[in-house]
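Letter by letter, the chains look like this.
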Amino acid sequence: MHQHTIFFQAMVFLAAAVVCVPLAKRIGMGSVLGYLLAGIIIGPAVLGVIGTERHAIMEFAEFGVVMMLFLVGLELEPKLLWKMKASVLGLGSLQVVITAVVLSVLAFLLGLDPRIAAMVGMTLCLSSTAIVLQSLKEKGLLDTTAGENAFAVLLFQDIAVIPMMAIFPLLAPRAAPGGHSEEATAWLSRMAGWQQSLIALGGVAGIIICGYLFVRPLLNIVARTGIRELFTATALLLVISVTVLMTMVGLSPALGAFLGGVVLANSEYRHELQADIEPFKGLLLGLFFMAVGATIDFKLILEKPLLILGLVLGVMLVKTLVLLALGKFFTLSFRQNLLFSLALCQVGEFSFVLISFIRTTYALEPAVTNLITVVVAVSMVLTPLVLMIYEKWLGPLINDGPEDVVREADVISERSDVIICGFGRFGNMAGRFIRANGINATILDMDSDRVDTLRKLGMKVYYGDGTRHDMLLAAGADTAKIIILALDTAEKNMDAVKVVKKHFPHLRMYVRAVGNLDSYELMDAGVLHIYRETSDTSLRMGADVLVALGYRAYHTQRAARLFLRHDDRLLKELSSIHDDSNLFEHQMRQRIADLQQMMESDKRNMLREDVGWDTESLQEDKDIQ
Amino acid sequence: MKKILILFAHPVYERSRAQKVLATAAQQVQGVTFRDLYERYPDFDVDVQKEQQLLQVHDIIILQHPLYWYSMPALLKQWIDLVLVHGWAYGHEGHALDGKLFLQALSAGTQQQSYAVGEAHNHPLREFLYPIEQTAKICRMQYLPPFVVHGVHHIAEPELLAWGEKFKRALLLLQQSKFTPAVWQQAQYLNDLL
């Protein structure tokens with residue numbers, strides 16, 4: 001097979017990932033470093049299996065970053081964003097401005113034109129959302145103070161790219177038209193600087209408006225068809241369209257996707273979209289890391305090792321110091337501050353986009369942009385190493401009192417202890433009751449009309465299927481404690497039970513059963529908390545009828561409870577013998593007769609059941625007279 | 001005319017003899033509010049506001065119940081715990097019940113003689129009622145000596161009906177404020193004053 005077919009490339013990349021990532025994880029380096037190493041190994045530096053086409057792959061792999069930002073956007077409801085405003089706006093803006101200014105000044109001192117130095121400074125002040133989030137998530141550090149603040153800073157950086165993209169055309173010297181730049185970019189670069197800025201802002205506004213006006217109704221229509229893969233297709237179409245549109249107007253697709261995500265974060269389809277995009281994102285992000293590894297120009301490094309080392313360490317040191325100072329200002333403990341600063345000290349993937357922008361405007365000669373690209377890539381490769389060093393050696397050295405790892409509020413994502421699958425006639429009663437008592441459950445439901453209605457009532461209901469592993473994961477099944485299964489049919493409920501048992505064995509299941517037969521199945525599956533949907537209500541009605549006939553209310557209340565206990569016991573006995581269907585049928589008939597008998601004896605004995613208040617025997621007892 | 005509220009508690013009223021006679025008699029008296037707690041709150045879910053409202057509009061509060069384990073049926077204790085709350089019934093701010101009359105109407109299985117030192121129950125009955133008496137007092141109510149029907153395990157029907165009439169008479173006299181503290185403080189049981 002020829003070396004350049006897409007299948008061959010796919011094989012190489014996948015093989016490299018499959019070999020390197022588990023190895024890296026085994027040594028405790030994390031998957032990001034594993035992917036980067038895999039990229040270096042298959043790249044021109046070592047094996048050279050992937051050669052000149054690596055830039056094309058890079059472009060493709062950047063789509064993984066686009067998807068990741070779409071997902072990041074999805075996690076960020078405007079409300080959460082508002083809650084994080086202090087750290088996003090305060091910490092984030094200060095980091096971007098101060099770091100950009102310091103690096104710009106240094107670039108200027110190194111002999112760059114002031115305007116270009118400003119562009120370089122802005123480019124390098126950004127950190128890598130992909131690497132930081134992935135690494136912190138893997139180490140379980142996202143919920144720490146450091147993790148949350150890092151996330152806030154990354155978020156501000158992602159937003160800050162908008163004005164940067166808008167400012168760059170104003171800063172850049174007039175570009176030479178034509179050349180090898182893309183057609184769309186050429187069209188854009190023929191505009192005056194202010195026109196380009198206007199187009200950039202128009203693009204952003206367009207995405208927000210389209211998201212609200214068209215995408216939600218579209219998702220609604222697609223969901224109503226009930227065809228799963230069509231929803232996946234729509235989700236992909238969404239992200240890809242944003243990418244194409246943004247590229248056409250010369251903006252960062254990642255940014256567009258992020259905005260698209262934020263626009264849809266409030267929608268009922270959020271979890272469904274997350275579940276659909278997640279696997280693609282994971283793969284493409286891995287590809288992206290490998291491409292970063294493969295793009296590292298080792299020839300350049302070998303030619304000027306000291307210069308590059310100096311630049312990389314210089315940039316990382318400046319960024320770390322600025323972050324440390326800001327962390328101190330924002331009263332982070334030293335331990336958390338160090339993690340926060342080291343996590344964000346690399347240069348990020350947005351920088352590649354900005355650098356390529358600088359390149360297309362011919363503001364800087366290729367030798368310099370290549371140099372910057374290498375610096376960025378190396379700093380990214382070093383980050384997981386730095387984090388590993390922090391975790392293994394630096395962290396344990398610092399001892400500043402009790403670890404402030406756990407912070408109350410779930411800022412990053414809306415996670416809750418309880419997940420309710422199915423918000424129909426049964427689930428909604430249980431769910432409303434739980435919510436009324438202050439427990440914020442995550443609700444999944446498959447009826448899009450119902451989801452619409454409930455959302456209009458101000459409830460947080462998401463469109464999704466509780467029988468799917470990825471959907472449950474998106475709803476937070478990995479961190480939740482309890483799952484309520486009240487799906488429409490007994491079969492679906494059973495499917496969900498199997499999925500939960502297999503993938504989330506830690507979850508306690510509270511399952512609604514339709515009748516006796518599915519109760520047996522649920523018991524066989526090991527479900528401990530089973531609720532037959534009619535047993536309580538029907539008994540209550542029976543009790544009320546007795547009262548209407550003149551029975552004492554308290555007697556009927558106790559009789560109903562007693563009856564329920566009898567019935568549960570009977571159900572358990574039946575369940576233990578129902579495996580053999582022949583035997584079962586026989587036993588069933590037998591049990592129906594038993595039940596009849598039991599009910600009759602209940603009726604006779606109910607009054608005598610409570611001997612606590614019985615005085616008959618007492619009347620005979622001479623000792624107590 | 002004073003307004004009387006009877007809080008009646010009997011978990012197995014359908015099997016009761018003595019309390020059935022007393023309850024029937026009480027419900028025949030005009031102007032008495034008879035409240036059957038076990039019928040109203042079979043799940044022990046007492047409506048506190050409603051109960052407090054009722055207490056406020058009545059002058060005489062009567063707890064009517066069989067004596068169980070020298071005390072009251074569980075729901076009545078639940079009722080007391082939930083309804084007579086600090087800041088409403090007692091305490092610096094709690095004056096809702098000030099000056100109301102408080103009476104227990106009891107039935108006990110055995111004779112009065114068995115409630116004495118050295119006998120089956122080893123204490124006079126009034127001693128077993130101290131917790132309730134003090135509850136009434138801390139709510140600034142006036143505790144009347146209890147109305148007690150003894151020996152209901154073996155009581156004959158005609159005698160029981162006579163007790164019903166006695167209870168009716170006691171309620172009428174209470175309505176007309178015929179008892180004075182000077183008199184009732186001397187009495188062991190309210191029965192003795194009839």
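Residues numbered from 1 in each chain as written. Chains lettered and ligands numbered in written order. Predicted model: local features only at pLDDT ≥ 70, side-chain atom pairs only at ≥ 80, totals over all residues. Heavy atoms only, no water.

Looking at an unreviewed UniProt entry, one finds chain B named Kef-type potassium/proton antiporter accessory protein, CPA2 family and attributed to Chitinophaga costaii.

If you look chain A up in an unreviewed UniProt entry, it shows as Kef-type potassium/proton antiporter, CPA2 family from Chitinophaga costaii. The annotation that UniProt attaches to chain A under Subcellular location (unreviewed entry) is "Endomembrane system". Quoted verbatim from the Sequence similarities (unreviewed entry) field of UniProt, the annotation for chain A is "Belongs to the monovalent cation:proton antiporter 2 (CPA2) transporter (TC 2.A.37) family." (UniProt positions renumbered as here; feature names shortened; annotations may be inferred.)

## Section: the sheet that holds strand β6 (residues 529-532) of chain A
Residues and elements named next belong to chain A. Reading across from one edge, β3-β2-β1-β4-β5-β6 is the order of the six strands in this open sheet, with parallel pairing throughout. At either end of the open sheet lies a strand with only one pairing partner, and these are β3 (461-463) and β6. In this sheet, neighbouring strand axes are inclined to one another by 20 degrees on average, regardless of whether the strands run parallel or antiparallel. In terms of strand pairing, strand β2 (residues 442-445) meets β3 through three bridges, oriented parallel. Counterpart to I443 in the pairing with β3 is V461. (Pairing = 2+ DSSP bridges. Helix = DSSP H or I, 4+ residues; strand = E, 2+ residues; numbered from the N terminus. Axes fitted to C-alpha atoms, helices over the stretch in contact; angles between N-to-C directions.)

## Overview of the nonpolar core
As a rule of thumb, nonpolar side chains are buried together in soluble globular proteins. Core analysis: the largest hydrophobic core is formed by 129 residues, its most contacted members being A:M164, A:F289 and A:F340. Ranked by residue count, the leading element in this core is helix α8 (residues 145-171) of chain A, at 14 residues. Residue assignment places this core across two domains, with domain 1 (1-49) and domain 2 (69-173 + 270-393) of chain A each supplying three or more. Setting aside residues no more than four positions away along its own chain, A:F340 makes contact with A:L91, A:A146, A:N149, A:A150, A:V153, A:L323, A:G327 and A:L332. Membership of the second largest hydrophobic core comes to 38 residues, among which are B:L5, B:Y38, B:L67 and B:V148. (Core = buried A, V, L, I, M, F, W, Y, C linked by side-chain atoms within 4.5 Å. Buried < 20%, exposed > 50% of the residue type's maximum accessible area, 1.4 Å probe, protein only. Domains from an automatic or database assignment. Contact = heavy atoms within 4.5 Å.)

## Some thoughts on the pattern of salt bridges
Residues and elements named next belong to chain A. Enumeration according to the criterion identifies 16 salt bridges over all chains in this entry. Across the pair K481 and D417 runs a salt bridge whose closest N-O atoms are separated by 3.3 Å. With K481 in the loop between α21 (469-474) and β4 (482-485) and D417 in the loop between α18 (366-397) and β1 (418-421), this pair connects stretches of sequence that are 64 residues apart. On the accessibility criterion, K481 (47% relative accessible area) is partly exposed. The class of D417 is partly exposed, set by a relative accessible area of 38%. With a closest N to O distance of 2.7 Å, D470 and R468 form a salt bridge. You can call R468 buried: its relative accessible area is 14%. (Salt bridge = Lys/Arg side-chain N within 4 Å of Asp/Glu carboxyl O.)

## A look at the packing of aromatic side chains
Under the definition given, this model contains 13 aromatic pairs over all chains. Each ring, one from A:Y554 and one from B:F44, has its centre 6.0 Å from the other, and the planes form 35 degrees; the classification is tilted. One end of the pair, A:Y554, is in helix α25 (residues 553-577); the other, B:F44, is in the loop between α2 (37-40) and α3 (48-56), on a second chain. Aromatic ring contacts, followed pair by pair, group A:Y554, B:Y38 and B:F44 into a single cluster. Above the ring of B:Y13, the side-chain terminus of B:K20 is found at 5.6 Å from the ring centroid. The ring of B:W163 carries B:K166 above its face, with NZ or CZ at 4.3 Å from the centroid. (Phe/Tyr/Trp six-rings, centres within 6.5 Å; stacked < 30°, edge-to-face > 60°. Lys NZ or Arg CZ within 6 Å of the ring centre and 35° of its normal.)

## Some details on the interface of chain A and chain B
Taken residue by residue, the interface counts 18 residues in chain A and 19 residues in chain B. Taking both sides of the interface into account, the surface hidden between chain A and chain B amounts to around 1700 Å²; carbon and sulfur atoms contribute 56%. For A:R552, the salt bridge goes to B:E39, with nearest N and O atoms at 3.6 Å. Listing elements by their share of the side of chain A that touches chain B, those giving two or more residues are α25, α26 (581-609) and α27 (616-620) of chain A. (Buried area = accessible area lost by both parts, 1.4 Å probe.)

## Here's the deal with the packing of helix α1 (residues 6-26) of chain A against helix α13 (residues 270-295) of chain A
All names here are of chain A. Relative to each other, α1 and α13 sit at 90 degrees, their axes nearing to 11 Å. For the element pair α1 / α13, the angle class is roughly perpendicular. Facing F13, L14, A16 and A17 of α1, the residues of α13 in contact are L283, L287 and M290. Of the residues contributing to the contact of α1 with α13, the split by class is seven nonpolar, no polar and no charged. (Parallel < 35°, antiparallel > 145°, perpendicular 65-115°, else oblique. Nonpolar A, V, L, I, M, F, W, Y, C, P; charged D, E, K, R; others polar.)

## Here we look at the pairing of strand β5 (residues 508-513) of chain A
All names here are of chain A. The pairing of β4 with β5 spans four bridges and is classified as parallel. Paired with I482 across the bridge in β5 is R508. When β5 meets β6, the two strands line up parallel, connected through four bridges. Paired with Y510 across the strands is H529, a residue of β6. What joins β5 to β6 is helix α23 (residues 516-524), and the crossover it makes is right-handed. (Right-handed = clockwise from strand over helix to strand, strands pointing away.)

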